[in-house]
Amino acid sequence: MIILPDKIIIQIPKTGCMSRMSEYGVNPWFKINDKCNAVTYYDAGDAPLPSIHTPYHLIPKKYSHLPTYTYVRNPWNRTVSRYYYSKKYYKINVTFEEFINKQYISEEHKTYHWGPPSWKQQTDWIGNNTICYKFEECNFKYHLLSSNITNYNNEYTRKLIDLVGDYYQNDIIKFNYLPEKV
């Protein structure tokens, strides 16, 4: 999460978090600028937050008065992105079908409930009044860690589309997402 003087941006994994942090100048991995008066996961005042990926219900009390914003992403595209991210950074060795069928998380990340390997629905991250923007409608100034996949739909069979739809039913209903045609 990014805590700014006038708002909080909840960072849901695989929705452009690195790009957003860079735009606000608070990305510890990609220093593009340092012109932001913000508190991030590594300094939230009284106690550090568990991760840049911290859900609404863990906002420190001293910031709970601020409005919250986030970005959401088509669940099917987000799943493909998470799969390739997990292959690259967590060295998983499973097929895309196994990844979905088992809701796969590598052994060392089984307790990492709120990070990129998480299968949590995006609705689990937000509060009732969180303002949500769609990833697909954003024009990021910096696009970091892009997976370079041009057609997420190529990864799916009808069965896998249905499974992801079942896993992310709340996201699909709340944010009006549909799978692309197979």
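A brief structural summary. Just so it is clear, the structure is predicted and the values come from calculations on it, not from any experiment.

Rules behind the numbers
Residues numbered from 1 in each chain as written. Predicted model: local features only at pLDDT ≥ 70, side-chain atom pairs only at ≥ 80, totals over all residues. Heavy atoms only, no water. Helix = DSSP H or I, 4+ residues; strand = E, 2+ residues; numbered from the N terminus. Buried < 20%, exposed > 50% of the residue type's maximum accessible area, 1.4 Å probe, protein only. Lys, Arg positive; Asp, Glu negative; His and termini not counted. Salt bridge = Lys/Arg side-chain N within 4 Å of Asp/Glu carboxyl O. Contact = heavy atoms within 4.5 Å. Pairing = 2+ DSSP bridges. Phe/Tyr/Trp six-rings, centres within 6.5 Å; stacked < 30°, edge-to-face > 60°.

### Focus: the environment of Asp124
Along the polypeptide, Asp124 turns up in the loop between helix H3 (96-101) and strand S4 (131-134). Between the C-alpha atom of Asp124 and that of Asn170, which follows or precedes it by 46 residues, the distance is 9.1 Å.

### Details of the environment of Gly127
By the secondary structure assignment, Gly127 is in the loop between H3 and S4. Measuring from C-alpha to C-alpha, the distance between Gly127 and Ile10 comes to 9.9 Å, with 117 residues separating the pair along the chain.

### A look at the side chain of Lys14
With respect to the element layout, Lys14 can be found in the loop between strand S2 (8-10) and helix H1 (17-24). No salt bridge is formed by the buried Lys14. Its closest oppositely charged neighbour is Glu136, at 13 Å. The contact partners of Lys14, leaving out residues within four places of it in the chain, are Arg73, Arg78, Ser81, Arg82 and Tyr85.

### What about the environment of Asn170?
Tracing the backbone shows Asn170 in helix H5 (residues 169-175). On a C-alpha basis, the gap between Asn170 and Thr123 in space is 6.7 Å, while along the polypeptide they are 47 residues apart.

### Overview of the pairing of strand S3 (residues 68-72)
Here S3 lies mainly inside the structure; 4 of its 5 residues are buried. Of the strand pairs in this sheet, S2 and S3 are connected by 3 bridges, and their pairing is parallel. Pairing of Ile10 across the sheet is with Thr70, part of S3. Relative to S4, S3 runs parallel, the two being bridged by 4 bridges. Within S4, the position partnered with Thr70 by the bridge is Cys132.

### Description of the packing of aromatic side chains
Centre-to-centre distance and the angle between the planes together describe a pair of aromatic rings. All told, the structure shown has 11 aromatic pairs when counted by the stated rule. For the pair Tyr85 and Tyr89, a centre-to-centre distance of 4.7 Å together with 40° between the ring planes defines the contact as tilted. Linking Tyr85 with Tyr89, this pair stays in helix H2 (residues 75-89), spanning 4 residues, or about one helical turn. With a relative accessible area of 18%, Tyr85 lands in the buried category. On the basis of an interplanar angle of 15° and a centroid distance of 6.3 Å, the ring pair of Trp119 and Tyr168 is categorised as stacked. In this pair, Trp119 sits in the loop between H3 and S4 while Tyr168 sits in the loop between helix H4 (158-167) and H5, placing the two residues 49 residues apart along the sequence.

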